[in-house]
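Notes for the structure review
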There are 2 protein chains.
Amino acid sequence: MREIQLQVRPGTAAFSKGQERVLKILQSARDLMISSGYHNLTLRKVAAGAGISVGNLNYYYSNKQDLLRDLLNSVIESYIEEFDKVRQDAGASPEKQFVAIIRFIIEDLGTQETTHFFPELWALSNHDSYAAERMDELYIKARAVLNDLICILNPALNEQDRQQVALFVSASMEGLTPFVGFEKPWSSQRSSISNIAASSFLHLVTTITAEDISGLAVP
Amino acid sequence: MREIQLQVRPGTAAFSKGQERVLKILQSARDLMISSGYHNLTLRKVAAGAGISVGNLNYYYSNKQDLLRDLLNSVIESYIEEFDKVRQDAGASPEKQFVAIIRFIIEDLGTQETTHFFPELWALSNHDSYAAERMDELYIKARAVLNDLICILNPALNEQDRQQVALFVSASMEGLTPFVGFEKPWSSQRSSISNIAASSFLHLVTTITAEDISGLAVP
DNA sequence: TAAAAAATAGTACAAGCGACCTATATTTTA
DNA sequence: TAAAATATAGGTCGCTTGTACTATTTTTTA
């Protein structure tokens, strides 16, 4: 279970009770976002979910935008922490590490949190520059893990090409979300799709050349 | 430029003026969805955008859900028509056709309509079963084009395996949307990414075996 | 323990929402 | 042209929203 990351707000919630409250508020907001979408996220519902009054919620977050930003921060932070953990799982060969990461990420798509939160984030980022920036940060860290492994698996690639390959691999997996995610039409075949992804991406990163990327190859 | 597809509603708008109005309403709703997201789509704004009163909008759509459904229908229909056109472009070899489709779809991600509309659709489909069904229909037709070509490019694959490969290819491209789409961080490198996708997917569909998919291969 | 700081509930409010109704204008039909 | 069908604007309703304010309770500090 992923955990909400606390982001202490300056001037408020400097004491233990307040910190717990902020945690409950963020937990409630996150649950609402996942169960009903941002479209249905209201301060009254967040307050009710946290077991406090609207007035009290207003004490911690003086406006909705502040709450949304803190929510994005905390959820995104929890994913970043997860990426770091994945990285530590450094076991056998770089090939096996690479495949393990692919499998881990696609498996994670099956959770309701990931399946529901990310499309909200993508939609939000189209109209909210703060969301866009935080999303960008998140994916930079997600790709960093892939990047390091691609560097070993295909030393001939230069930095830019490597990053483009990492982007392609990372984005491709994200794209599976609405299809193999939580209670999606293809979720029962998630592991088959995971096999396809693993073999396809492993071949891609180990064999791709600069010519392929620049378009100078056969087409 | 994609065009709004008219879906004449039974009992209303059976005459020319009404049909034009419905078109303007849908156009307005679509523009709002793309420019500000579903979160900011209100009947008053739709009416203002269509140059009519709220009362008049209510004459054509007695409630917001009806309007949303018609909007989804019309936009999705316009994409389905586009897929059919792509199919007719049947030119040279199946390899070239396949690559052409990949390139076409990724190029289309660069439009503001596609970049903004689809994340809204994905988010919506998590909490609205009607949206989920229409989205499913849309992607079934999108994959059908790929499916036919994979059938030629890799005759050894059985139906189920082929569909899973098509799903992986299609979903992977969709995943590029928040990264190489309209005014996204990597949009200037869209054609490089397109090259990676083309070479990766072409190799995948021509070489993948049932053992790769079932997971009985090396790993 | 007394004063100060923090936390909380309750209320109020203006704005915006979807939905509904009615009267009038316009267009089509016969 | 008269009648019928269609289209339109404007207003109103009850409700929800985010935000603000106030009074009270709880907790921390000195």
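Here is a short report on the structure shown in this document. The model shown is predicted, which means the values in this text are computed figures rather than measured ones.

Here helix α7 (residues 129–153) of chain A spans 35 Å end to end across 25 residues, near enough to the 36 Å set by a 1.5 Å rise per residue. For α7(A), the principal kink sits at A:Ala144 and spans about 25°.

Let us look at the environment of B:Leu67. Residues and elements named next belong to chain B. As for its position among the elements, Leu 67 is in helix α4 (residues 64–88). A relative accessible area of 1% places Leu 67 in the buried class. Spatially, the C-alpha atom of Leu 67 lies 8.0 Å from that of Leu 26, the residues being 41 residues apart in sequence. The contacts of Leu 67, once residues within four sequence positions are left out, are Ile 25, Leu 26, Ala 29, Leu 43, Val 46 and Tyr 61.

On to the relation of the copies chain B and chain A. Each copy superposes on the other: chain B lies on chain A with an RMSD of 0.1 Å after a rotation of 180° and an axial shift of 0.0 Å. Taken together, the rotation and translation describe the operation of a two-fold axis.

This part takes up unusual backbone geometry. The phi angle of most residues is negative, glycine excepted, and most peptide bonds adopt the trans form. The phi dihedral of A:Glu183 falls on the positive side, at around 55°, and the residue is not glycine. Considering the arrangement of structural elements, one finds A:Glu183 in the loop between α9 (177–180) and α10 (190–207).

Listed per partner, the contact involves 52 residues of chain B and 52 residues of chain A. Taken together, the links from chain B to chain A amount to zero salt bridges. Put simply, chain B and chain A have 13 residue pairs in polar contact (both at pLDDT 80 or more) between them. Among the secondary structure elements, those contributing two or more residues to the side of chain B that touches chain A are α1 (16–36), α6 (112–125), α7 (129–153), α8 (159–175), α9 (177–180), α10 (190–207) and α11 (210–214) of chain B. At ten residues, α10(B) tops the list of elements feeding residues into the side of chain B that touches chain A. The residue makeup of the side of chain B that touches chain A, split by class, is 25 nonpolar, 22 polar and five charged.

The next subject is helix α8 (residues 159–175) of chain A. Residues and elements named next belong to chain A. For α8, spanning 17 residues, the distance from its first C-alpha to its last is 24 Å, which sits close to the expected 24 Å at 1.5 Å a residue. Buried residues dominate α8, accounting for 14 of its 17 residues. At the N-terminal end of α8, a side-chain oxygen is found 3.1 Å from the backbone nitrogen of Gln 160, two or three residues along, and the residue is Asn 158.

Taken as a whole, this structure holds ten salt bridges over all chains when the rule is applied. Its salt-bridge partner being A:Arg134, residue A:Glu137 comes within 3.2 Å of it at the nearest N-O pair. A residue pair is termed a helical-turn pair when its members lie 3 or 4 positions apart in one helix, as A:Glu137 and A:Arg134 do in helix α7 at three residues. Relative accessible area serves as the criterion here: at 35%, A:Glu137 is assigned to the partly exposed category. The residue B:Glu107 makes a salt bridge to B:Arg190 at a minimum N-O spacing of 3.8 Å. Of this pair, B:Glu107 sits in helix α5 (residues 94–108) while B:Arg190 is found in helix α10, placing the two residues 83 residues apart along the sequence. By relative accessible area, B:Glu107 is classed as partly exposed at 47%.

Here we come to the environment of B:Ser214. All names here are of chain B. Structurally, the position occupied by Ser 214 is in helix α11. A residue is classified by how much of its surface remains accessible, and Ser 214, at 44% relative accessible area, is partly exposed. Distance from Ser 214 to Asp 161, taken between C-alpha atoms, is 8.9 Å for residues 53 residues apart in sequence. Looking at Ser 214, its side chain comes within polar contact range of the main-chain oxygen of Glu 211, at 3.3 Å.

Looking now at the side chain of B:Gln164. Within the element layout of this structure, B:Gln164 appears in helix α8. Relative accessible area serves as the criterion here: at 2%, B:Gln164 is assigned to the buried category. Within the local environment of B:Gln164, its side chain forms a polar contact with the side chain of A:Gln189, the two groups lying 2.7 Å apart. Contact partners of B:Gln164, with chain neighbours within four places excluded, come to A:Trp186, A:Gln189, A:Ser192, A:Ile193, A:Ile196 and B:Ile213.

Two elements in contact, α10(A) and α10(B), have axes separated by 10 Å at closest approach and are oriented at 120°. Taken together, α10(A) and α10(B) sit at an angle that is classed as oblique. Handedness of the α10(A)/α10(B) crossing: right-handed. Contacts between α10(A) and α10(B) involve A:Ile196, A:Ser200, A:His203 and A:Leu204 from the first element and B:Ile196, B:Ser200, B:His203 and B:Leu204 from the second. A breakdown of the residues in the contact of α10(A) with α10(B) according to their chemical character gives four nonpolar, four polar and no charged.

Cut-offs and rules
Per chain, residue numbering runs from 1 following the sequence as it is written. Ligands are numbered from 1 and chains lettered from A, in the order in which they are written. Reporting in this predicted model follows two pLDDT cut-offs: at least 70 for local features of residues, and 80 or more for side-chain atom pairs to be given and counted; totals over whole chains, interfaces and linings ignore these cut-offs and use all residues. Side-chain metrics rest on all non-hydrogen atoms present in the structure, leaving aside hydrogens and water. A run of DSSP states H or I qualifies as a helix once it reaches four residues; a run of E qualifies as a strand once it reaches two. Both are numbered from the N-terminal end. Expected helix span is given by 1.5 Å per residue-to-residue step, counting one fewer step than there are residues. Given a residue, its bend is the angle between the two axes fitted to the seven residues that end at it and to the seven that start from it. Only protein chains enter the area calculation, which uses a 1.4 Å probe; residues under 20% of their type maximum are buried, those over 50% are exposed, and those in between are partly exposed. Here, two residues are considered to be in contact whenever any of their heavy atoms come within 4.5 Å of each other. When the copies are superposed, the least-squares fit draws on C-alpha atoms of residues that have pLDDT of at least 70 in both. Salt bridges are counted wherever a side-chain nitrogen of Lys or Arg sits within 4 Å of a carboxyl oxygen of Asp or Glu. N or O atoms closer than or at 3.5 Å make up a polar contact, with two conditions inside protein: a donor-capable atom paired with an acceptor-capable one, and, for residues adjacent in sequence, both atoms drawn from side chains. For this classification, Asp, Glu, Lys and Arg are treated as charged, while Ala, Val, Leu, Ile, Met, Phe, Trp, Tyr, Cys and Pro are nonpolar and the rest, including Gly, are polar. Here an angle of 0 to 180 degrees is reported between the N-to-C directions of two axes, which are lines fitted to C-alpha atoms, with helices fitted over the stretch in contact. Here the angle decides the label: under 35 degrees means roughly parallel, over 145 means roughly antiparallel, 65 to 115 means roughly perpendicular, and every other value means oblique. Crossing handedness follows the turn of the near helix against the far one: under a right angle anticlockwise gives a left-handed crossing, and clockwise gives a right-handed one.

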